[in-house]
Every structure is written in structure tokens, then in C-alpha cells.
Amino acid sequence: MNQNLAFADYAVFIIYFIVVSVYGYTVYRKRKQDEQDAKAYFLAEGNLTWWAIGASLIASNISAEQFIGMSGEGFFLGIAVAAYEWIAAIALIIVAVWFIPVYLKNKIYTMPQFLKTRYNESTALIMAVFWLFLYVFVNLTSILYLGAVAINGLAGGEYLHVIMIGLAVFALFISLGGMKVVAYTDVIQVAVLIIGGLVTSYIALTTVGQYFGVGENAIAGFKVLMKEAPEHFKMIIPKPTATSSQLDIDKYLTFPGLMSYLAGIWIINLNYWGCNQYITQRALGADLQTARTGILFAGMLKLLMPLIVMLPGIAAYVLYKDGHLPQLVGGKDGAYSAVLTFLPTGLKGLSVAALTAAIVASLAGKVNSISTIYTLDIHKKYIQKEAGEKQQVNIGRFAVFAAMLLAVLFTWNDILGIGGVGGFTYIQKYTGFISPGVFAMFVLGMFWKRTTGAAAIVGVILGFVLSVLFNEYAPMLFGNETLLYTAYPNGKGAYEIPFHICMGLSFLFTTLVMIAMSFAGPKINPKAFESDPGMFTVKPQTTVLIVITLLIIVALYVKFW
């Protein structure tokens, strides 16, 4: 079985590259006047349709950490990892109904601007710098590294640095055109991503059917997966007992069953989808109804994502367990690339194009957010206050180039050790260190008028400190069994609290401290946002979208509980 790409695969990939490039350039030429309008460049203000917003949200979200990382978790955990996607759909409903109206009514364009408007300048500056470091050294680097490794494996394993540079240049080409070019090319990227992803899943299932003697039939192949790996089709991972194996404990540490739904997974999703410049930027330039419809459209697409990014991992597990996947290398993160080797010539190129689309869209969206925060929240305010519209656009483009250059430098020899811990885990863990404090600061700032700026600063610092405490030191300091948590052996000679539970505890104590501090201030903070109950009212068509999404999620959980 040839793992390398053939001429037809390269031809399909080149066609994809040309289509995206030409379309992006066409959008750029039509909106070239955006070079004179900073908000139009950074936010595509007033120019995005609901379907462009929804597609761009998904294209920016689904990247190498999903295709490679979540497929790897599908190999390891099974369908339980789909909770990240399905709970995200509910989180998007919450964001569309309650978060976005607050942002739009108060004319919020960046997350640091939110913090300055609601709290104070110091909070905004601290978090602007923090977000820049997080986006560059965690998100951008991991996406670039995982993507380059995956495509390099399919191309023969000898072109890692060439592919890395190619992905970076492709993303630069798109992102330098501004938010409108990013968003509308994302529509093509999502189409390629979904089609290519579905093709990969279909081939994976038919391959399973073929090897297990039930014919090249996708439905029969899916039934084989459920028969051969029934533990991989349970949403709730059981709590370990005294007789549990280390493998079962490791699974629980990664996704601690029902406790995930009481703690971490909500914080992860609501913080990511509602308090994240990288994501909310797509909707901040639209009117309320367009933004809501686009966000809910993205939520419905999220329901489909496990079929694309998780199912191939389960198929890889079943094939590998029975000795039919000798080409699997690199542990669980190699599952997706191994499955791609089963694709016939031409279709392999389409799947590589889908993977590239996910990587490039996320890279472009990420650097656009980096340039927006740097330009509007740091450079314009503290370095060059008199910068005009065109100067701000040029500064933003410089920031795009600088961020991508840093990402390439730090991923060149994997200085950050992304490959060692696993891509999906790397991103979830290090973004999760700040998620509890940031989410507490945002949600209290939006919906409790008494929250003070001092409480916000303490909250974001305390949230980080508590995250480090519970993740790294709590078992050693307080013991393995307390009223708050149970720590389990991690197979490396130490005990560990499940990461989701650490996030929940950090969020709980951070919120309590912020509330206690705010009671020392005025009953209504002078900087509290104006709120109008009417802005949370949804139209009938919006209600229909919400009900359909919730019914599908209920049906999925009833089936796979």
C-alpha cells in the first residue's frame, strides 16, 4: 500500500489551491477600499452574511488539532470525545442568545476593548498581551506543527519544513486581505473540509467492512465498529475503581465521565466560543439577527463534526487492534494519517486538501485576530496613537507577518514539545490554564453590574494560579482524596486530578473571590454595561433553529449514553 501521494492527488490539491487563491483575490479586489477603513479590514464590518459567519466559525475552529488530535482521541477514548463538539453546539446557542447582544449593544470589537470598557485599562492591557502570547505560542504553533507533520507523513516523510513554510505562506496570502477575505474563503474551505472529511470517514468504514468480511459497505462497517469496540461508543467514561487498569484510569483523567459535564467542558466551550477574539470576531461586525443566525448555523455544523474528525480514529483503533493498520506511527495522533493511506488516488488528494483547508483557515483566522488585538488594543493606544486608518491596516499586516514568522521559528524543530504531549492535549491543557479566570471575568462582567475592576484583575490572576495549583501540586500538598477531588495515578509515578475537574474548581473559587471582592464596591459599578431585556428576545426562526439543534443533541445522547 503506497502511502505517498500520486500525480492525481497533487492535481486535485493544486486545483483546490488555485480556486481558493483566485476567489480570495477576487474578494480582495472588490473590497480594496477596505485598506482605507481599519474596522472593515479587521472585522469586515457589515459585509458578512449569516452563512459566511457560520462557515468561517467552523473553518477557523476545525483544524489540525481536530483532524489529527481529536481523531487521535477517538482512537484512544472513542465517542466520548464527541462531547467537545456536541456541547459546543449548546454553547453556541448560549453565545448567540445572551453573549452577542451584549457585545453588539455596547459596540465591542475586540475582547481587550470589552475589558477596558467594562473594567479598566490595566485589565485590558494585561489580557491583550496574554492573549497574544497564547495565540502565537500555543494555538498558532500547534496548528502549524500538527498540520505539517500530518501532510508530511502522506507526502513521504521528507518534506516537513517545506510543507510548514507552504502552509504559512498560503495562510499569509489569505489573511493579508483582511477579515472579509478570510471569512469568504472560509466558505470554500468548509465545503472542501466537509466533503473531504466525509469521504475519508466513508472510506474508513468501507475498509473496516472489507477487512472484517461484511463487504465494502459503510453502514456494515459502522456496525463492525460498534461490535468490535463497544467501549468506544459510550459517552460517559466510568469512574475508576481499585481494580481499574492504568488504561482505564488514563481515559478517565482525559475525560472524567459525568464530572466533565458538571465542570470543565462547559468552561472550555463557553470561554472558547463566547470570550475568544479568534471566534467572536466573525460576528462582531454584523447586525444582531445576522450574527445570531450565523452562530446557530455554526452550531448545527458542529453536530456533524464528530463524523468527520472522530469516527476515522475509532476505525483506526479497530483496524489496528486486529493487525490491519501496520502503517500507524506516532501513537494516537497518527491515526488520521494512517486511515488516509486507504484512500484511492485522487481521493487522497481531496482529503489532503480538506486537511490543508482546515489548517490554513485556522492559521489565517488566528493571525487575523492577532493583528486585530495588536493593532487596535496595543499599537494604536500605546505606541502610535495618531495612526490613521491606512496606517492601522499596514500595521495589522506587519503583525500578521511577524506572528507567522514566530510560529514557523518555534515549530521548525518543535521547540515547544508539541509532538511529545499530543496536539489536542497540548492545546486543551495550556489554554485551559487561563480559561477559568477569563470566563469568570467575562460572565460576571456581562451579567452582574456590581463586578469591579479590582475583582477582574484578581480573578484572571487567581484563575491561572489555581489552575496551576490543582493541575500540578494539589495531590502532593493536600493528598489524593479530599472533599473536592480524587487524584488518580497517571502511570508516571505521580497522582493527577482530571483536568476538567481542575478547571471547575478553579472557576468556582475564582468566581467566589470575585463576588466577595465586588461586594466591597458600589451596588452598581459605574462601568457596568447597559442592558435591555428586549435584546435577548429571539425571533421565531431563531427559536426553530435552537429547538432542532437541541432535539438532535438529545437524540445522540439517548443513543450513545
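What comes next concerns the included structure.

Basis of the calculations
- Residues numbered from 1 in each chain as written.
- Predicted model: local features only at pLDDT ≥ 70, side-chain atom pairs only at ≥ 80, totals over all residues.
- Heavy atoms only, no water.
- Helix = DSSP H or I, 4+ residues; strand = E, 2+ residues; numbered from the N terminus.
- Rg over C-alpha atoms; globule rule 2.2 N^0.38 Å.
- Buried < 20%, exposed > 50% of the residue type's maximum accessible area, 1.4 Å probe, protein only.
- Contact = heavy atoms within 4.5 Å.
- Patch = residues over 30% accessible without salt bridge, like charges linked within 9 Å, V, L, I, M, F, W, Y side chains within 5 Å.
- Areas by Shrake-Rupley, 256 points an atom, 1.4 Å probe, with all protein chains shown as cover.
- Salt bridge = Lys/Arg side-chain N within 4 Å of Asp/Glu carboxyl O.
- Phe/Tyr/Trp six-rings, centres within 6.5 Å; stacked < 30°, edge-to-face > 60°.
- Core = buried A, V, L, I, M, F, W, Y, C linked by side-chain atoms within 4.5 Å.
- Polar contact = N/O pair within 3.5 Å; in protein donor to acceptor, adjacent residues only side chain to side chain.
- Expected span 1.5 Å × (residues − 1).
- Axes fitted to C-alpha atoms, helices over the stretch in contact; angles between N-to-C directions.
- Parallel < 35°, antiparallel > 145°, perpendicular 65-115°, else oblique.
- Left-handed = near helix turned anticlockwise from the far one by under 90°.
- Nonpolar A, V, L, I, M, F, W, Y, C, P; charged D, E, K, R; others polar.

## Notes on the overall build of the protein
From N to C terminus, the protein includes 25 helices and 2 strands. The C-alpha atoms of the protein give a radius of gyration of 23 Å, which matches the 24 Å a tight globule of 561 residues would have. In terms of overall dimensions, the protein has C-alpha extents of about 70 × 60 × 50 Å along its principal axes. The buried share among the 561 residues of the protein stands at 60%. Restricting the contact set of the protein to residue pairs at least 6 apart, pairs at least 24 apart contribute 83%.

## Some thoughts on a nonpolar patch on the surface
Residues Tyr10, Ile14, Phe17, Ile18 and Val22 make up a contiguous nonpolar surface patch of about 450 Å² in total accessible area. For Tyr10, the position within the fold is in helix H1 (residues 7-30). A residue is classified by how much of its surface remains accessible, and Tyr10, at 38% relative accessible area, is partly exposed.

## Focus: the packing of aromatic side chains
The final tally for this structure, using the stated rule, is 25 aromatic pairs. With centroids separated by 6.1 Å and ring planes inclined at 65°, the aromatic side chains of Trp131 and Phe442 adopt a geometry described as edge-to-face. With Trp131 in helix H7 (residues 121-154) and Phe442 in helix H22 (residues 435-447), this residue pair connects regions lying 311 residues apart in the sequence. Given the relative accessible area of 0%, Phe442 is considered buried. Both rings, one in Phe470 and one in Phe509, keep their centres 6.4 Å apart while their planes meet at 15°; by these two values the pair is stacked. In this pair, Phe470 is assigned in helix H23 (residues 453-478) and Phe509 in helix H24 (residues 499-518), connecting sequence segments 39 residues apart.

## Regarding the environment of Pro436
Of note, Pro436 is situated in helix H22. Remark: the alpha-carbon pair of Pro436 and Cys502, spanning 66 residues in sequence, is separated by 9.4 Å. Once residues within four sequence positions are removed from consideration, Pro436 is found in contact with Ile267, Ser467, Met503, Ser506 and Phe507.

## Some points on the nonpolar core
Among the nonpolar cores identified, the biggest contains 174 residues, and Tyr103, Trp131 and Phe442 are the most heavily contacted of them. If we skip the residues at most four places from it in the chain, Trp131 touches Met111, Pro112, Leu115, Cys275, Ile373, Val438 and Phe442. Judged by nonpolar contacts, the second largest core, of 9 residues, contains Leu466, Ala487, Ile497 and Leu505.

## A closer look at the environment of Arg450
Checked against the element boundaries, Arg450 lands in the loop between H22 and H23. The class for Arg450 is buried, based on a relative accessible area of 15%. The spatial distance from the C-alpha of Arg450 to the C-alpha of Gly521 is 7.2 Å, given a sequence separation of 71 residues. Within polar-contact distance, the side chain of Arg450 engages the backbone oxygen of Pro522 at 3.5 Å.

## Considerations on helix H19 (residues 389-411)
Relative to the 33 Å expected for 23 residues at 1.5 Å per residue, H19 spans 33 Å between its end C-alpha atoms, a close match to the ideal helical length. Among all positions in H19, only Gln392, Val393, Ile395, Gly396, Arg397, Ala399, Val400, Ala403, Met404, Ala407, Val408 and Thr411 are buried.

## Some details on the packing of helix H5 (residues 83-105) against helix H25 (residues 540-560)
In the contact formed by H5 and H25, the axes pass within 11 Å of each other and the chain directions differ by 155°. Here H25 runs roughly antiparallel to H5, going by the angle between their axes. Classified by chirality, the crossing of H25 by H5 is left-handed. Two secondary-structure elements touch here, H5 through Ala83, Trp86, Ile87, Ala89, Ile90, Ile93 and Val97 and H25 through Ile546, Thr549, Leu550, Ile553, Leu556 and Tyr557.

## A short note on the environment of Ile552
Looking at where Ile552 falls in the secondary structure, it is placed in helix H25. For Ile552, a relative accessible area of 35% corresponds to the partly exposed category. Measuring from C-alpha to C-alpha, the distance between Ile552 and Met300 comes to 9.2 Å, with 252 residues separating the pair along the chain.

## A closer look at the packing of H22 against H24
Axis separation between H22 and H24 bottoms out at 8 Å; the angle between their running directions is 40°. Comparing the axis directions of H22 and H24 gives the class oblique. The handedness of the crossing between H22 and H24 comes out as right-handed. Note on element contacts: H24 touches H22 through Met503, Ser506, Phe507, Thr510, Thr511, Met514 and Ile515, opposite Ser435, Pro436, Gly437, Phe439, Ala440, Met441 and Leu444. Of the residues assigned to the contact of H22 with H24, the class counts are 9 nonpolar, 5 polar and no charged.

## Notes on unusual backbone geometry
Of note, Lys107 is a non-glycine position whose phi angle comes to about 55°, a positive value. Among the secondary structure elements, Lys107 is positioned in the loop between H5 and helix H6 (111-118).

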